[in-house]
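Overview (structure and organization)
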Amino acid sequence: MLGSGIAWLGEGRLGPAQPGVAKHGFNMPKFRRLSKELNAEKRKQVWLRDEGRCQGPYCVISCALPLNRCHIDHIVPLSSFGTNHNSNLRTLCRRCHVLRLDFKHRGMIAAALRDGIIDCSWRSLTWT
Ligand SMILES: [Zn+2]
């Protein structure tokens, strides 16, 4: 246990300090993301491991992305008890990240449509 009552559950993962009780009545553990400084280091580690290349299904042969333009994706989302361990992280381009079927990515879809990253047929291109 860390000083504030947060249990250390392994590399890159903290939680739960105490179970949270959602409005709908069941207990959900609360998880914290790594601090920005650690996230920057993690991003760089994952990007270097992936040689800066998108690991998504639409980029089998792709050019390397600059670190500041790549997306680092949780393979198993934190909300599904995934971790911030490097083995659960991968480099994606914006298009592959937006098209990944995850309700948390919904917020990125409108901006990607506006920016021309995806078109109106995006629903047929989603992947898990
Ligand atoms: Zn991609």
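Keep in mind that what you see is a predicted model, and the values were worked out from it rather than measured.

**Points about the overall build of the protein**
Each helix and strand counted, the protein has 3 helices and 4 strands in total. Evaluated residue by residue, the protein yields a buried proportion of 16% over its 128 residues. Contacts in the protein between residues at least 24 apart in sequence constitute 41% of all its contacts with a sequence separation of at least 6.

**Description of the pairing of strand S4 (residues 89–92)**
One face of the sheet, then the other: side chains in a regular strand alternate in exactly this way. Neither face of S4 is open: one carries Leu-89 and Thr-91, the other Arg-90 and Leu-92, and all of them are buried. In terms of strand pairing, strand S3 (residues 71–74) meets S4 through 4 bridges, oriented antiparallel. The residue bridging Asp-73 from the neighbouring strand is Arg-90, located in S4.

**Points about the nonpolar core**
Judged by nonpolar contacts, the single largest core of 13 residues is most densely connected at Cys-54, Cys-70, Leu-92, Cys-93 and Cys-96. Listing elements by their share of this core, those giving two or more residues are helix H1 (36–49), S4 and helix H2 (94–99). The element contributing the most residues to this core is H2, with 3 residues. Residues within four places of Leu-92 in sequence aside, it is in contact with Cys-54, Gln-55, Gly-56, Cys-70, His-71, Asp-73 and His-97.

**A word on the environment of His-71**
With respect to the helices, strands and loops of the structure, His-71 is situated in strand S3. The exposure class assigned to His-71 is buried, which follows from the 20 C-beta atoms found within 10 Å. Linking His-71 and Cys-54, residues 17 residues apart in sequence, is a C-alpha distance of 8.6 Å.

**What to know about helix H3 (residues 106–115)**
When you tally the buried positions in H3, you get 0 out of 10 residues, a small fraction of the element. Note on H3: the residue one or two positions beyond its end, Gly-116, has a positive phi of about 80°.

**Looking at the confidence of the model for the protein**
A residue-level look at the protein finds 70% of positions with pLDDT of 70 or above and a mean pLDDT of 77. Mean pLDDT across the elements of the protein bottoms out in strand S1 (residues 20–21) (44) and peaks in S4 (95). Under a pLDDT of 50 for its full length, residues 1–23 has, in the predicted model, 38 contacts with residues more than four places off or in other chains.

Criteria and thresholds
Residues numbered from 1 in each chain as written. Predicted model: local features only at pLDDT ≥ 70, side-chain atom pairs only at ≥ 80, totals over all residues. Helix = DSSP H or I, 4+ residues; strand = E, 2+ residues; numbered from the N terminus. Buried ≥ 20, exposed ≤ 12 C-beta atoms within 10 Å, placed from the backbone. Contact = placed C-beta atoms within 7 Å. Pairing = 2+ DSSP bridges. Core = buried A, V, L, I, M, F, W, Y, C linked by C-beta atoms within 7 Å. pLDDT = per-residue confidence, 0-100.

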